[in-house]
Amino acid sequence: MADTINSMELRFADNLLPSQLMPGDLIKVDNECVTIETITENEDGFNIYTRNDFNEEGHIYLFDDETIEWYVFFEED
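The rules we used
- Residues numbered from 1 in each chain as written.
- Predicted model: local features only at pLDDT ≥ 70, side-chain atom pairs only at ≥ 80, totals over all residues.
- Heavy atoms only, no water.
- Pairing = 2+ DSSP bridges.
- Helix = DSSP H or I, 4+ residues; strand = E, 2+ residues; numbered from the N terminus.
- Salt bridge = Lys/Arg side-chain N within 4 Å of Asp/Glu carboxyl O.
- Buried < 20%, exposed > 50% of the residue type's maximum accessible area, 1.4 Å probe, protein only.
- Axes fitted to C-alpha atoms, helices over the stretch in contact; angles between N-to-C directions.
- Lys, Arg positive; Asp, Glu negative; His and termini not counted.
- Contact = heavy atoms within 4.5 Å.
- Core = buried A, V, L, I, M, F, W, Y, C linked by side-chain atoms within 4.5 Å.

Q: Kindly report on the pairing of strand β3 (residues 32-41), identifying the contributing residues and their values.
A: As judged from the 4 bridges shared by strand β2 (residues 26-29) and β3, these two strands associate in the antiparallel manner. When the bridges of β3 are listed, I27 appears paired with V34. Following β2, the chain reverses through 2 residues before pairing antiparallel with β3; D30 in that reversal takes a positive phi of roughly 50 degrees. Two elements, β3 and strand β4 (residues 45-51), share 6 bridges in a ladder whose sense is antiparallel. Each bridged residue has a counterpart across the sheet, and for T38 the counterpart in β4 is Y49. Here β3 folds back onto β4 in antiparallel fashion, the turn holding 3 residues.

Q: Please provide a residue-by-residue account of the pattern of salt bridges, values included.
A: Evaluation of the coordinates by the stated rule reveals 3 salt bridges. Put simply, E9 and R11 hold a salt bridge, and the shortest N to O gap is 3.6 Å. Classification of E9 by relative accessible area gives partly exposed; the value is 30%. Classification of R11 as partly exposed rests on a relative accessible area of 33%.

Q: Please give an account of the sheet that holds β4 that cites residues and values.
A: By definition, the strands of a sheet pair up through backbone hydrogen bonds, in either a parallel or an antiparallel sense. Taking strand neighbours across the sheet as the criterion, the 6 strands line up as β1-β6-β2-β3-β4-β5 in an open arrangement whose pairing is antiparallel. Each of the sheet's edge strands pairs with one partner strand only, and the pair in question is β1 (8-16) and β5 (57-63). Each neighbouring strand pair of the sheet contributes to a mean axis angle of 45 degrees, computed without reference to strand direction.

Q: Now, about the side chain of D25: what can you tell me, with residues and values included?
A: Position of D25 among the secondary structure elements: in the loop between β1 and β2. For the buried residue D25, which engages in no salt bridge, the nearest side chain bearing the opposite charge is R51, 15 Å off. If sequence neighbours within four positions are ignored, D25 has contacts with Q20, V34, T35, I36 and W70.

Q: Run through the nonpolar core, naming residues and quoting values.
A: If you look at the biggest cluster of nonpolar residues, it comprises 12 residues: L16, L21, I27, V29, V34, I36, I39, F46, I48, I60, L62 and I68. Elements supplying a minimum of two residues to this core: β2, β3, β4 and β5. When residues in this core are grouped by element, the largest group, 3 residues, is from β3. The contacts of I27, once residues within four sequence positions are left out, are L21, E32, C33, V34, I36, I48, T50, I60, I68 and E69.

Function cannot be read off these values alone, since they describe shape.
In structure tokens form, the structure reads like this:
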């Protein structure tokens, strides 16, 4: 498994609305890629709880019409 991760690169994929996100997605918050732990919808937006590489939890709130950078791992040849 470690060899697979080493041959993969994290790349920007798209700007998504919060309604398009799901737990496990990688997003950029404050110049750091974090993993979405949970996402819940409110009247006018979404509460998104995240975790970084150091296992630190975070929270952001996005309105329905805001977008956020979405990242994916891309396998290098």
